[in-house]
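Next come the chains, spelled out residue by residue.
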Amino acid sequence: PRLLSQFFFADERVTRVVAEINGLDAELDPQQYLVLLNQLHLSQAHLLAVLERIMEECIPTQRHSRDYLVKFPEELLVDNLGNHMLFAAECLLAGTFLEVEEADGAQLRPQARNLLCSLELVRTVLREQSLSQPGSYPEPVRAVLVQFDRLFAEFELSYVSSLVAVKSPEEIYRQQEIIVLFCETVERALRLGYLTQEMIDGYEPLLMFTIPRLAIISGLLIYPEGPLSLERSPEQMSQVFSPFYNLLKKIRDLLRVLSAEELCLLERSLCTAE
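Keep in mind that this is a model prediction, so the values were computed, not measured.

K.L.:
Hey, could you run me through the environment of Cys264 in this one?
P.N.:
By the element assignment, Cys264 lies in helix α10 (residues 260-270). Owing to a relative accessible area of 28%, Cys264 belongs among the partly exposed residues under this scheme.

As structure tokens, then:
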């Protein structure tokens, strides 16, 4: 049950698969080569998972900040992102630029080299520790883990930044404003009887249309200084709404001529129309 023991056997599996790949002629047996590559991918993912648990146990207060993850597009935030980063570092070190431009790859290579060297040091140190005292983490072990954690985070941020346009702090703040607007919209709709708590608790599918519709009205009339403020330029708005700047102005102008009763009738109809 000890993590260092689990790490030892996970590391053994990676070493064994790498040895099999190195001893195989890929041109003579391409199918077996692909099988071994898949095994390597799975064994490395397991190794990183165990290493992650070790760091959480050993250096929980010394982990490098991962706040930058909120800048990443949601489609990149997958369970195997760490394993993908390791594969990317190996490709860069080998001079293969699969996803990045050659100039970006050349700049990333020193980081990739430092990361992979640090990983090899971690594997060596943890293997030795697992064979001597598998139940403790002396200071040299902690120092190696802290360094690896920092290098991994720095490479991850740099590599992903070279692939996609990561969100700026301003865009993240704008998205948080939208979250607040949606929360206030739901609270107001519950108070006015447009929605029921049972609909929310039951994940009523219609809410996917109803809440955004009500949020547009709330953002234009009820909370005009929020994320839908048309006093800002389109460039100052969230990318969610900026393409519809002119349309939002037309909607706001139409809403302003409605009476309170007409606005209530409109909002109730938006809660039922598909």
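That was the structure; now back to the text.
K.L.:
Help me understand the domain arrangement of the protein chain, please; the structure alone is not making it clear to me.
P.N.:
When the parts of a complex come together, some accessible area is lost, and that lost area is often taken as the interface size. Domain assignment breaks the protein chain into domain 1 (3-163) and domain 2 (169-272). With centres defined by C-alpha atoms, the gap from domain 1 to domain 2 works out at 44 Å.

K.L.:
Explanation requested: the layout of surface pockets in the structure shown.
P.N.:
Empty space among the atoms can be located by rolling a probe the size of a water molecule over them. Volume-wise, the second largest pocket comes out at about 280 Å³. When contributions to the lining of the second largest pocket are tallied by element, the ones reaching two or more residues are α1 (3-22), α2 (30-58) and α3 (81-93). Here the residues of the lining of the second largest pocket sort into five nonpolar, six polar and one charged.

K.L.:
Just checking my understanding: could you explain the nonpolar core for this structure?
P.N.:
Among soluble globular proteins, nonpolar side chains are generally buried collectively. Counting 45 residues, the largest nonpolar core has Leu51, Ile54, Leu126, Leu145, Phe148, Phe155 and Tyr159 as its most contacted members. The set of elements that each furnish at least two residues to this core consists of α1, α2, α3, α4 (102-132) and α5 (139-163). Apart from the residues lying within four places of it in its own chain, the contact partners of Ile54 are Leu3, Leu4, Phe7, Ile59, Leu126, Tyr137 and Leu145.

K.L.:
Help me understand the state of the cysteines in this model?
P.N.:
Each disulfide consists of one covalent bond between the sulfur atoms belonging to two cysteines. Applying the stated criterion to the full structure yields zero disulfides. The cysteine Cys117 is free of any disulfide, with Cys91 supplying the nearest cysteine sulfur at 16 Å. Lacking any disulfide linkage, Cys183 is separated from the closest cysteine sulfur, that of Cys271, by 17 Å.

K.L.:
What should I look at first to understand the pattern of salt bridges in this one?
P.N.:
Where side chains of opposite charge bring their charged atoms close, a pairing between them can arise. Within this structure, the stated rule accounts for 12 salt bridges. Salt-bridge contacts for Glu120 lead to Arg123; the nearest nitrogen and oxygen are separated by 3.3 Å. You can see Glu120 and its partner Arg123 sitting in helix α4, three residues apart, about one turn around the helix. On the accessibility criterion, Glu120 (43% relative accessible area) is partly exposed. A salt bridge links Arg232 to Glu177; the shortest N-O distance between them is 3.3 Å. Of this pair, Arg232 sits in the loop between α8 (207-222) and α9 (245-256) while Glu177 sits in helix α6 (residues 169-192), and the two are 55 residues apart along the sequence. Residues participating in the shared-partner salt-bridge network are Asp11, Glu12, Glu120, Arg123 and Arg127.

Cut-offs used in this document
Residues numbered from 1 in each chain as written. Predicted model: local features only at pLDDT ≥ 70, side-chain atom pairs only at ≥ 80, totals over all residues. Heavy atoms only, no water. Helix = DSSP H or I, 4+ residues; strand = E, 2+ residues; numbered from the N terminus. Buried < 20%, exposed > 50% of the residue type's maximum accessible area, 1.4 Å probe, protein only. Domains from an automatic or database assignment. 1 Å grid on protein atoms, 1.4 Å probe; cavity = no way out; pocket = protein on both sides within 12 Å on 5 of 7 lines; lining within 4 Å. Points joined across faces, edges and corners; volume = space filled by probe spheres on them. Nonpolar A, V, L, I, M, F, W, Y, C, P; charged D, E, K, R; others polar. Core = buried A, V, L, I, M, F, W, Y, C linked by side-chain atoms within 4.5 Å. Contact = heavy atoms within 4.5 Å. Disulfide = S-S within 2.5 Å. Salt bridge = Lys/Arg side-chain N within 4 Å of Asp/Glu carboxyl O.

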